[in-house]
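# Chains, contacts and geometry: an overview
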Amino acid sequence: CNTIEDLCNLMNPTGRYYKLNMQNIVSNQHKTVAAENQRVENYKPTVEFRQHSATTNYTKVSSWVRFCMAMVKNSEKLAAPKSLKSSRGADEQFEFLFEYVIKDRALRSVFVNRREQVANDHSMRV
């Protein structure tokens, strides 16, 4: 990604209904309102973390909370990572996310295991 808009469109390619919704960063970027003959920017660059699916599984819930907290904390304090080339696949983007943004090996391991479990469940249904 070379721009914030590219990143938002990569994370949310078909709109805002993802667990990590970044569309307000793009959609509100250009909205303005007029107030008393002055141009006032109505720009609220927010990231929306949608709720996790219903579960009583502590690992799933705590991992999602830790992921959200790491995303916010590390995005605030760390320098922006290099942009991804559009030719990078999902696996490489996943590794990049955990290596340069989340920076939590134990949390990465949880999500790797979960990704494998979901893939196995899907292949058994097909």
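In this structure, Cys8, Met22, Phe67, Met71, Phe98, Ile102 and Leu107 are the most contacted members of the largest nonpolar core, which totals 16 residues. At the level of elements, helix 2 (23–27), helix 3 (58–77), helix 4 (90–102) and helix 5 (105–125) are the ones that each hand at least two residues to this core. Per element, the largest residue contribution to this core is 5 residues, and it comes from helix 3. Setting aside residues up to four positions removed in sequence, Met71 forms contacts with Leu20, Phe49, Leu97, Val101 and Ile102.

Attention shifts here to the environment of Thr46. With respect to the helices and strands, Thr46 occurs in the loop between strand 3 (38–41) and strand 4 (48–49). Of the residues examined, Thr46 reaches a relative accessible area of 34% and is grouped as partly exposed. When the C-alpha atoms of Thr46 and Ile25 are compared, they prove to be 5.9 Å apart, with 21 residues separating the residues in sequence. When residues no more than four places from it in sequence are discounted, the contact partners of Thr46 are Asn21, Asn24 and Ile25.

Let us now look at unusual backbone geometry. Within the chain, Lys103 stands out as a residue other than glycine whose phi angle is a positive 55°. Inspection of the secondary structure puts Lys103 in the loop between helix 4 and helix 5. Lys103 sits in the partly exposed class, given a relative accessible area of 48%.

A separate point is the pattern of salt bridges. Counted by the stated rule, this structure contains 3 salt bridges. Across the pair Glu95 and Arg108 runs a salt bridge whose closest N-O atoms are separated by 2.8 Å. Placement of the pair is Glu95 in helix 4 and Arg108 in helix 5, with a sequence separation of 13 residues. Owing to a relative accessible area of 29%, Glu95 belongs among the partly exposed residues under this scheme. Residue Arg108 is classed as partly exposed on the basis of its relative accessible area, which comes to 29%.

For Ser63, the position within the fold is in helix 3. At a separation of 2.6 Å, a polar atom in the side chain of Ser63 contacts the main-chain carbonyl oxygen of Thr59. Apart from residues lying up to four places away in sequence, Ser63 is in contact with Leu107, Val110 and Phe111.

Our focus in this paragraph is the packing of aromatic side chains. Scanning the model with the defined rule gives 6 aromatic pairs in all. Connected via pairs of aromatic rings, a cluster forms that spans Trp64, Phe67, Phe94, Phe98 and Phe111. Sitting above the plane of the Phe94 ring, Arg115 keeps its charged end 4.1 Å from the centroid.

This paragraph deals with the confidence of the model for the protein. In the predicted model, the protein carries a mean pLDDT of 79, and the fraction of residues at 70 or more is 83%. Here residues 32–37 is a poorly scored stretch, pLDDT under 50, and it has 9 contacts once near neighbours within four places are set aside; other chains count.

Cut-offs applied
- Residues numbered from 1 in each chain as written.
- Predicted model: local features only at pLDDT ≥ 70, side-chain atom pairs only at ≥ 80, totals over all residues.
- Heavy atoms only, no water.
- Core = buried A, V, L, I, M, F, W, Y, C linked by side-chain atoms within 4.5 Å.
- Buried < 20%, exposed > 50% of the residue type's maximum accessible area, 1.4 Å probe, protein only.
- Helix = DSSP H or I, 4+ residues; strand = E, 2+ residues; numbered from the N terminus.
- Contact = heavy atoms within 4.5 Å.
- Salt bridge = Lys/Arg side-chain N within 4 Å of Asp/Glu carboxyl O.
- Polar contact = N/O pair within 3.5 Å; in protein donor to acceptor, adjacent residues only side chain to side chain.
- Phe/Tyr/Trp six-rings, centres within 6.5 Å; stacked < 30°, edge-to-face > 60°.
- Lys NZ or Arg CZ within 6 Å of the ring centre and 35° of its normal.
- pLDDT = per-residue confidence, 0-100.

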